[in-house]
Amino acid sequence: MQTKEDLLKEAEKFIYICYRELGKNEEQIKGRLEEVRTEIEKTGHYDHTYEELEHGARLAWRNSNRCIGRLFWDSLHVLDERNADTAEKVVGALNKHIEYGTNGGKILPTITVFKPVINGEEQVRIWNYQLIRYAGYETEYGMIGDPVSIPFTKFCTEMGWKGEGSHFDVLPYVIQMKKGEPQWFEIPKEIVLEVPLVHPELETFSDLQLKWYAVPIVSEMKLEIGGIHYTAAPFNGWYMGTEIGARNLADEYRYNMLPKIASIMDLDTSRASTLWKDKALVELNVAVLHSFKQQGVSIVDHHTAAAQFQHFEDKEKRCGRSLTGDWTWLIPPVSPATTHIFHKPYENEVMTPNYFYQDKRYE
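This write-up is about the structure you can find in this document. (Residues numbered from 1 in each chain as written. Predicted model: local features only at pLDDT ≥ 70, side-chain atom pairs only at ≥ 80, totals over all residues. Heavy atoms only, no water.)

### Concerning the pattern of salt bridges
Note the following rule: We define a salt bridge as a contact between a side-chain nitrogen of Lys or Arg and a carboxyl oxygen of Asp or Glu at a distance within 4 Å. Exposed residues in this analysis have more than 50% of their type's maximum accessible area, buried residues have under 20%, and partly exposed residues fall in between, with area computed by a 1.4 Å probe over protein chains only.
Applying the stated criterion across every chain yields a total of 27 salt bridges. With its nearest N and O atoms 2.8 Å apart, the salt bridge here joins Asp80 to Arg82. Judged by its relative accessible area of 16%, Arg82 falls in the buried class. Residues joined in a network through salt bridges with shared partners are Glu21, Arg62, Glu316 and Arg321.

Written out as C-alpha cells, the structure is:
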C-alpha cells in the first residue's frame with residue numbers, strides 16, 4: 001500500500017518537471033503543489049488536471065527505453081476517459097480509440113486513459129495484451145492462428161466467446177471493473193482495419209493469404225504519472241515493418257512463415273548456409289511495407305525509424321536532457337548493424353513517468 005508520504009514525493013517530482021516544461025512560473029508551481037498536498041492529506045489520493053495527464057502521458061512515451069519511435073512523443077493524442085465507470089462505457093471508449101487512432105489509415109499516436117488506482121483499489125483493467133490481436137488454437141491438425149495467443153484464447157473460450165477457427169480471428173476485449181468478474185465484448189469488425197499482404201514482384205505471395213491489423217494498441221501496460229497508477233491506458237503508434245515481417249509472421253513460435261515463403265521463392269533450404277531464411281525474411285518485410293503503403297496505412301521501415309531516433313537523440317541533447325534506452329530493444333531485428341544504434345551504448349535507466357508491464361490475469 002502506497003503511503004501518503006511516498007505519493008506526495010512522487011507528485012512533487014512530477015509537478016516540478018511537468019510545469020517547468022510547460023512554461024509555468026514558480027508561483028503557479030507552488031500553488032498547484034499546495035493543492036496536491038491538501039488533496040493527498042485529506043483523501044490519500046490526488047487527481048491530475050487534463051494538462052498534467054496529457055503531458056505526463058507524453059513524458060512516459062519520451063521515457064520509454066524500448067521505443068525507437070520517441071521522436072514523436074509530443075504529438076501523442078490523449079483521450080481522457082476517467083469518467084468511464086462501467087464495462088460498457090469502457091468498451092465504448094475503446095471502440096472510439098480504435099477508430100480515432102486508425103484515422104482511416106493515417107494513424108494518430110493515441111492513448112486513452114481510464115480511472116487510476118485509488119487508495120490501493122484498482123478501478124479498471126484490460127486483460128488483452130493488445131486491443132486488437134489474433135486468436136490461437138491448438139488442434140489435432142496443428143496450430144491455427146497466433147500461437148502466443150493460445151492461453152488468452154482458451155480463457156476467452158471458457159468465458160463463452162467463440163471464434164471462427166481461422167488464422168486471423170480478432171479476439172474480444174476482456175474488461176474487469178474493480179474486483180468484479182472479467183467480461184468479454186466482441187470488437188465490431190467494421191472498425192478493425194486489416195491489410196492484405198502482397199508482394200510487388202512475387203505474384204504467388206498472395207496465395208499465402210496473409211494479412212495483419214493496421215494499428216498496434218498496447219493495452220496491458222500500466223501508465224505511472226507522479227505516483228498515480230493508471231492500470232488501463234491503451235496506447236498506439238504505428239508499426240515499424242519489422243515488427244510484423246521479422247517477428248509476428250516470421251518467428252518460429254509465431255506464424256513461422258519463412259519456410260512457406262522460401263518454398264514459393266524456390267530457395268534451397270537444405271542447409272542454413274544458403275541463407276534461405278535471410279532471403280525469405282527480406283522479401284516478407286518488402287511485402288509488409290509495400291502492402292501497407294499500397295493501402296495508405298502508416299508504417300515505417302527500420303532504416304527510417306533509426307534515422308528518426310537519431311533526430312530524437314539530437315533534440316534531447318539540445319534540450320539538455322540525458323537520453324536513456326534499452327539497446328537490445330532499440331536495434332531492429334533485420335540488419336541492425338546498418339543502423340547507428342547498433343554501434344553505440346545507451347544508459348538503460350528507468351525514468352518516470354513511464355509505462356510498466358503488469359502481471360497477466362489469465363495464466
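### Topic: the pairing of strand β6 (residues 173-177)
Spelled out, the test is: The helix and strand labels rest on DSSP assignments: H or I over at least four residues marks a helix, E over at least two residues marks a strand, and numbering proceeds from the N terminus. Any two strands between which DSSP finds at least two bridges are classified as paired.
Within β6, 5 of the 5 residues are buried, leaving the element largely enclosed by the surrounding structure. Side chains of β6 alternate between two faces, with Tyr173, Ile175 and Met177 and Val174 and Gln176 buried alike. Pairing of strand β3 (residues 124-126) with β6, which is carried by 3 bridges, proceeds in the antiparallel orientation. Counted as the bridge partner of Val124 is Met177 from β6. For β6 and strand β7 (residues 183-185), the ladder comprises 3 bridges, and the chain directions are antiparallel. Considered in β7, the bridge of Val174 is made with Trp184. If you look at the hairpin formed by β6 and β7, you'll find 5 residues sitting between the two strands, and Lys178 has a positive phi there, around 50°.

### Quick word on the packing of aromatic side chains
Our working definition: Only the six-membered ring of Trp is used, alongside the rings of Phe and Tyr, when aromatic pairs are assigned; centres must lie within 6.5 Å, and planes under 30 degrees apart are stacked while those over 60 apart are edge-to-face, with the rest tilted. Charges are assigned to positions over rings by a cutoff of 6 Å between ring centre and Lys NZ or Arg CZ, combined with an angular limit of 35 degrees from the ring normal.
Scanning all chains against the criterion turns up 15 aromatic pairs. On the basis of an interplanar angle of 65° and a centroid distance of 5.3 Å, the ring pair of Tyr134 and Tyr213 is categorised as edge-to-face. Pair noted here: Tyr134 is in the loop between β3 and β4 (136-139) and Tyr213 is in strand β9 (residues 211-213), with a separation of 79 residues, a long-range link. By relative accessible area, Tyr134 is classed as buried at 0%. Aromatic pair Phe168 and Tyr255: ring centres 5.4 Å apart, planes at 5°, arrangement stacked. Here Tyr255 lies in the loop between α6 (241-248) and α7 (258-264) and Phe168 lies in the loop between α5 (150-159) and β6, a separation of 87 residues in the sequence. For Phe168, a relative accessible area of 12% puts it in the buried group. A connected cluster of aromatic rings, assembled from ring pairs, spans Tyr134, Phe168, Trp212, Tyr213, Tyr239, Tyr255 and Phe292. For the cation-ring pair, Lys24 lies above Tyr19, with the distance from its terminal atom to the ring centre recorded as 5.6 Å. A cation over an aromatic ring shows up here: Arg62 above the ring of Trp73, its NZ or CZ 4.7 Å from the ring centre.

### Description of the sheet that holds strand β16 (residues 354-356)
Under the convention used in this document: Note on geometry: axes are lines fitted to C-alpha atoms, helical ones only across the stretch in contact, with angles between N-to-C directions running from 0 to 180 degrees. Any two residues having at least one pair of non-hydrogen atoms within 4.5 Å are treated as being in contact.
A sheet is described by the order of its strands in space; here 3 strands give the open sequence β12-β11-β16, paired in antiparallel fashion. Only two strands of the sheet have a single neighbouring strand rather than two, namely β12 (228-230) and β16. The average undirected angle you get between the axes of adjacent strands in this sheet is 30°. For strand β11 (residues 222-225) and β12, the ladder comprises 3 bridges, and the chain directions are antiparallel. Each residue of the ladder has a partner; that of Ile225, found in β12, is Ile228. Across the sheet, helix α3 (residues 50-62) touches β11, β12 and β16, and the angle it forms with β11 is around 115°.

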